[in-house]
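# Summary of the model geometry
Read off the chains here:
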Amino acid sequence: MSQAGVYIHIPFCRSRCSYCDFATGMYESGLANRYVRAVTKEIARWNELEQPRTVDTIYFGGGTPSLLRLDEIEQILRAIHGRFTVTGNAEITLEINPGDGGANAASRRETMRSWRQLGISRASFGAQTFDDDALRLLGRTHDSHDIYSTFALLREAGFPNINFDLIAGLPGQTVDDWQRNLARALELRPEHLSLYLLDVHEGTPLAGQIQRGMRPEPEEDVAAEMYLGLVEKVSAAGYEHYEISNFCLAGFPSRHNSKYWMGAPYYGFGCSAHSFDGAQRRWANERDMNRYVGLIDNGGSAIVERTELNEDDARSESIFLGLRMMRGVELDHYRVRFGKDLQAEHYDALVRLSEAGLIELDSELLRLTTRGALLSNEVFAALA
């Protein structure tokens, strides 16, 4: 039986990135403290499931969770341990920004050591790019020097598992720019790399800049070349391409994020957090931070959306989530779970996708090719 993950959404940032459409707001210590109290109340009162699964991953996402004080992170962890059974080897991830943790190297080093003492075992930080001009374009508050210094301090503090987020396909970025960027990341050799193609969301500052002609529109063909190149280079450097956008050294996949793709249960807390019982129930919290805090402070529930998956929904989800993992969908498991043959169900679509070189199919597995991973949305739509 799959163990569960706990996700904590921390919606605070020092500034808003030009491409961001997440549920975030500007950091203010008083509001952050009130928010943390609300999260701990939500966790303590949580009764969505009669018998929740044992928890073996905890993920602080955002936003910028590293803006919280140490005692605030500790309060949340204490609340989780008070409500759930947490395994001794739980993967606990904290998302951070390069340069976070203090005004100078000494204070940052001490903060990072304190994170480790709290049990945080994995640091995930948004490097995004090593190009300082591109970082300014994105509205990031760090520069490339901060990436190097933060990585070094995390290692000094004893972090055994570090992830970089990197973005390809930035406006005006060339393939050579991207290759240099990727080479600098690989030189540091973090345990995990999350590599994304830029997605310009309507309503973000970056979308407005592109519409007004202030920034060039990202070129899809160039972004595709970047993706195929990165798969080749990262794989050659010894990383496993285990999910469409994620690569790891042996033994270091993101245990928490893998739960989303493998249909395992996860319990979300904080504004905009989502949850899944591992079978057919999904629910989501209020997105607005102030309304979320008000709902909790008034003794109510922050859940504003509930979904019961029918069998068709569950079958569809098992295919597109399973295909996100590069090992693919196990056909026998699908047959046992749903009493149907996936190949017979989607015969015509599978033939077309196979002829187009987007999937590989044998008697045991259905999986994406590298080109299929690049065009995964088209594959998912064909099998919906």
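Preceding this paragraph is the structure being described.
This is a predicted model, so every value here is computed, not measured.

### A look at the pairing of strand β8 (residues 192-197)
In terms of strand pairing, strand β7 (residues 161-168) meets β8 through six bridges, oriented parallel. Residue pairing across strands places aspartate 165 opposite serine 194, the latter belonging to β8. Traced from β7 through helix α6 (residues 175-188) to β8, the parallel crossover comes out right-handed. Across three bridges, the pairing between β8 and strand β10 (residues 246-248) is antiparallel. The partner of serine 194 across the bridge, within β10, is asparagine 246.

### Considerations on helix α10 (residues 289-297)
Here α10 has its buried residues at Met289, Tyr292, Val293, Gly294 and Ile296. Residues of α10 that are buried in the fold lie against β2 (12-13), α1 (29-45) and β13 (281-285). One side-chain oxygen at the N-terminal end of α10 lies 3.1 Å from the backbone nitrogen of asparagine 290; it belongs to aspartate 288. Trailing α10 by a residue or two, glycine 299 shows a phi angle of about 85°, which is positive.

### Remarks on the sheet that holds strand β15 (residues 329-330)
Strand pairing in a sheet is mediated by backbone hydrogen bonds. Such pairs are either parallel or antiparallel. Pairing is antiparallel across the open sheet formed by three strands, whose spatial order is β15-β17-β16. Taken across any chain shown, the strands that pair with only one partner, and hence form the sheet edges, are β15 and β16 (359-361). Across three bridges, the pairing between β16 and strand β17 (residues 365-368) is antiparallel. For leucine 361, the partnering residue across the bridge sits in β17 and is leucine 366.

### Let's talk about α1
The end-to-end C-alpha separation of α1 is 24 Å, in line with the 24 Å expected for 17 residues at 1.5 Å each. Residues Leu31, Ala32, Asn33, Tyr35, Val36, Ala38, Val39, Thr40, Glu42 and Ile43 constitute the buried set of α1.

### Regarding the pattern of salt bridges
Inspection of every chain in the model, using the stated rule, returns 24 salt bridges. For glutamate 48, the salt bridge goes to arginine 281, with nearest N and O atoms at 2.8 Å. Pair noted here: glutamate 48 is in the loop between α1 and β4 (55-62) and arginine 281 is in strand β13, with a separation of 233 residues, a long-range link. Arginine 281 carries the same exposure label as glutamate 48, and that label is buried. A salt bridge links glutamate 360 to arginine 367; the nearest nitrogen and oxygen atoms lie 3.1 Å apart. We classify glutamate 360 as partly exposed; its relative accessible area is 39%. Linked through salt bridges whose partners overlap, the residues forming this network are Glu48, Arg281, Arg306 and Glu308.

### Focus: the side chain of histidine 241
Mapped onto the elements, histidine 241 comes out in strand β9 (residues 240-243). Judged by its relative accessible area of 13%, histidine 241 is buried. Within the local environment of histidine 241, its side chain forms a polar contact with the backbone oxygen of glutamate 243, the two atoms lying 3.0 Å apart. Within polar-contact distance, the side chain of histidine 241 engages the backbone oxygen of isoleucine 244 at 3.1 Å.

### Re the side chain of aspartate 277
Positionally, aspartate 277 belongs in the loop between β12 (274-276) and β13. For the buried aspartate 277, which has no salt bridge, the nearest side chain bearing the opposite charge is arginine 281, at an N-O separation of 4.6 Å. Reaching out from aspartate 277, the side chain makes a polar contact with the backbone nitrogen of alanine 279 at a distance of 2.7 Å. Separated by 3.0 Å, the side chain of aspartate 277 and the backbone nitrogen of arginine 281 make a polar contact. Once residues within four sequence positions are removed from consideration, aspartate 277 is found in contact with Leu49, Arg53, Pro265 and Trp283.

### With respect to unusual backbone geometry
Glycine aside, residues mostly have negative phi, and peptide bonds are mostly found in the trans state. The amide bond that connects glycine 62 to the next residue, glycine 63, takes the cis arrangement and shows omega of 15°. Relative to the elements of secondary structure, glycine 63 occurs in the loop between β4 and α2 (70-83). Backbone geometry places arginine 189, a non-glycine residue, at a positive phi of 55°. In this structure, arginine 189 sits in the loop between α6 and β8. Phi angles above zero are rare outside glycine, and serine 272 is one such case at about 65°. Its place among the elements puts serine 272 in the loop between β11 (266-269) and β12.

### Side note on the environment of threonine 40
One can find threonine 40 in helix α1. Among the residues examined, threonine 40 registers a relative accessible area of 15% and is labelled buried. A C-alpha to C-alpha distance of 5.7 Å links threonine 40 and alanine 79, two positions 39 residues apart in sequence. Aside from chain neighbours lying at most four places away, what touches threonine 40 is Gln75, Ile76 and Ala79. From its side chain, threonine 40 meets the backbone oxygen of arginine 37 in a polar contact 2.8 Å long.

### Here's the deal with the pairing of β11
Along any regular strand, the residues point their side chains to alternate faces of the sheet. Here β11 shows no split at all, with Tyr266 and Gly268 on one side and Tyr267 and Phe269 on the other all buried. Where strand β1 (residues 4-10) and β11 come together, four bridges link them in parallel fashion. Bridge assignment links glycine 5 to a residue of β11, and that residue is tyrosine 266.

Definitions and cut-offs
Residues numbered from 1 in each chain as written. Predicted model: local features only at pLDDT ≥ 70, side-chain atom pairs only at ≥ 80, totals over all residues. Heavy atoms only, no water. Pairing = 2+ DSSP bridges. Helix = DSSP H or I, 4+ residues; strand = E, 2+ residues; numbered from the N terminus. Right-handed = clockwise from strand over helix to strand, strands pointing away. Buried < 20%, exposed > 50% of the residue type's maximum accessible area, 1.4 Å probe, protein only. Contact = heavy atoms within 4.5 Å. Polar contact = N/O pair within 3.5 Å; in protein donor to acceptor, adjacent residues only side chain to side chain. Expected span 1.5 Å × (residues − 1). Salt bridge = Lys/Arg side-chain N within 4 Å of Asp/Glu carboxyl O. Lys, Arg positive; Asp, Glu negative; His and termini not counted.

Worth remembering: the numbers are spatial, not functional.
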